[in-house]
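Read off the chains here:
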Amino acid sequence: MPQTHALRSVVNKSKGNRAQMATELLIRDDELAWLKVASKPSRNKKKKGSSVAHAPETDGSLFWQKALDDMRQEFLGMIGEQSAQLREQASQLSEQASRISEQASLISEQASRLSGQPSKPSKQAGKLSKQADDIKQLKASNTEITATLERHSSMLHALHRRVVLDEARDLLIDRYDFAISDLRLGGHRTAAEKQTALGELVQAVRSKLNAEDKTLLSDEALQMIFERGKNTVRQRGNDAAHNASEEDLSVAILGTGLDSSQLALLEKIYEFTHNDVPQL
């Protein structure tokens, strides 16, 4: 069936795109985190009466800040392109599902006609059986692809939300001359200590905000920007950025987009971390 081969082609292409997207997101996320740390110079001198450290910008810090901005734009563009591809694939799957339903109706009509025809019933029954098997396989593939698309859509939503929080944090750093370390919670042994530290951080930031920003950013909004605990918006984004199935990782490694040297290195790294070779 032409439709069968077409949908299988869409399925295989979708797996490769999704897997490559997951790997690129992991790489970009690590690069983005590293550049953000490097984008601010060391602040050893504090202004009198302020708990926030300041230091003049240097040529190096301007270079890293520009690199950080370029990386963020590239990262957001990549997510947008992958989202468009996922939507296009979902549309193709919907069209294939409609064709499958039409084929099922035709098969039902053929079966009704054949029931009244005494000639060549065995040959027609064999064709119908093969078509029914093909439809079952297509439906199973469609179910698998739909579930995978939903999983990756959920991952993209979590990443997009975390990007919004990162953008807000970066704007606070730039607008109010914070260091990135000023806006990070340290290690705390108990939940009570962590909550106390979070409250102090929120109040320290709020004291610096202008009137317009105070109106936009409530205490709860500031808590969402900085809080990294379990089940927080930021942590769910972190989890999405650093979790991928073995199938996705294998397809990404063995798929397109890498030269032979990169492919060989990634295969060895995968074998080191998973004690197995990547398989499609």
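Residues numbered from 1 in each chain as written. Predicted model: local features only at pLDDT ≥ 70, side-chain atom pairs only at ≥ 80, totals over all residues. Heavy atoms only, no water.

Next up on the list: the side chain of Asn238. For Asn238, the location among the structural elements is in helix 7 (residues 233-242). Among the residues examined, Asn238 registers a relative accessible area of 12% and is labelled buried. In this structure the side chain of Asn238 is engaged in a polar contact, spanning 2.8 Å, whose partner is the side chain of Arg162. Contact partners of Asn238, with chain neighbours within four places excluded, come to Arg162 and Arg228. (Helix = DSSP H or I, 4+ residues; strand = E, 2+ residues; numbered from the N terminus. Buried < 20%, exposed > 50% of the residue type's maximum accessible area, 1.4 Å probe, protein only. Polar contact = N/O pair within 3.5 Å; in protein donor to acceptor, adjacent residues only side chain to side chain. Contact = heavy atoms within 4.5 Å.)

Inspection of every chain in the model, using the stated rule, returns four cavities of 30 Å³ or more. Size it by volume and the second largest cavity reaches roughly 40 Å³. (1 Å grid on protein atoms, 1.4 Å probe; cavity = no way out; pocket = protein on both sides within 12 Å on 5 of 7 lines; lining within 4 Å. Points joined across faces, edges and corners; volume = space filled by probe spheres on them.)

A general tendency of soluble globular proteins is for nonpolar side chains to be buried together. Core analysis: the biggest nonpolar cluster contains 16 residues, and Leu172, Phe178, Leu183, Val205, Leu209, Leu222 and Phe226 have the highest contact counts within it. Elements supplying a minimum of two residues to this core: helix 3 (121-176), helix 4 (191-206) and helix 6 (219-226). Those residues in contact with Leu209, other than ones at most four positions away along the chain, are Leu172, Tyr176, Lys214, Leu217 and Leu222. Of all hydrophobic cores here, the second largest spans six residues; its members include Ile79, Leu86, Ile145 and Leu156. (Core = buried A, V, L, I, M, F, W, Y, C linked by side-chain atoms within 4.5 Å.)

Below, the discussion takes up the environment of Arg161. Checked against the element boundaries, Arg161 lands in helix 3. Sequence separation of Arg161 and Arg234 is 73 residues, and the distance between their C-alpha atoms is 7.5 Å.

Interhelical geometry of helix 4 versus helix 6 gives an angle of 115° and a closest axis separation of 10 Å. Our classification of the angle between helix 4 and helix 6 gives roughly perpendicular. When you trace helix 4 past helix 6, the crossing you get is right-handed. When helix 4 is examined against helix 6, the residues Leu198, Leu201, Val202, Gln203, Val205 and Arg206 are found in contact with a partner set consisting of Asp219, Leu222, Gln223 and Phe226. Along the lines of polarity and charge, the residues of the contact of helix 4 with helix 6 split into six nonpolar, two polar and two charged. (Axes fitted to C-alpha atoms, helices over the stretch in contact; angles between N-to-C directions. Parallel < 35°, antiparallel > 145°, perpendicular 65-115°, else oblique. Left-handed = near helix turned anticlockwise from the far one by under 90°. Nonpolar A, V, L, I, M, F, W, Y, C, P; charged D, E, K, R; others polar.)

When pLDDT is averaged along the chain, the result is 76; 74% of the residues meet or exceed 70. Long-range and interchain partners of residues 42-57, a stretch whose pLDDT sits below 50, account for 28 contacts in this model, where long-range means more than four residues apart. (pLDDT = per-residue confidence, 0-100.)

Before going further, it helps to spend a moment on the pattern of salt bridges. For the structure on display, the rule yields six salt bridges. For Asp213, the salt bridge identified is with Arg175, shortest N-O distance 2.9 Å. Of this pair, Asp213 sits in helix 5 (residues 211-216) while Arg175 sits in helix 3, placing them 38 residues apart in sequence. Residues Arg206 and Asp219 are paired through a salt bridge, measuring 2.6 Å at the closest nitrogen-oxygen approach. Of this pair, Arg206 sits in helix 4 while Asp219 sits in helix 6; the two residues are 13 residues apart in sequence, bridging distant segments of the chain. Since its relative accessible area comes to 17%, Arg206 is described here as buried. Three or more residues are tied together by salt bridges with common partners; here these are Arg162, Asp166, Arg169 and Arg234. (Salt bridge = Lys/Arg side-chain N within 4 Å of Asp/Glu carboxyl O.)

Before going further, it helps to spend a moment on unusual backbone geometry. The phi angle at Asp177 is positive, at roughly 60°, despite the residue not being glycine. Along the chain, the position of Asp177 falls in the loop between helix 3 and helix 4. On the accessibility criterion, Asp177 (25% relative accessible area) is partly exposed. Even without being a glycine, Asn231 presents a positive backbone phi close to 70°. Checked against the element boundaries, Asn231 lands in the loop between helix 6 and helix 7.

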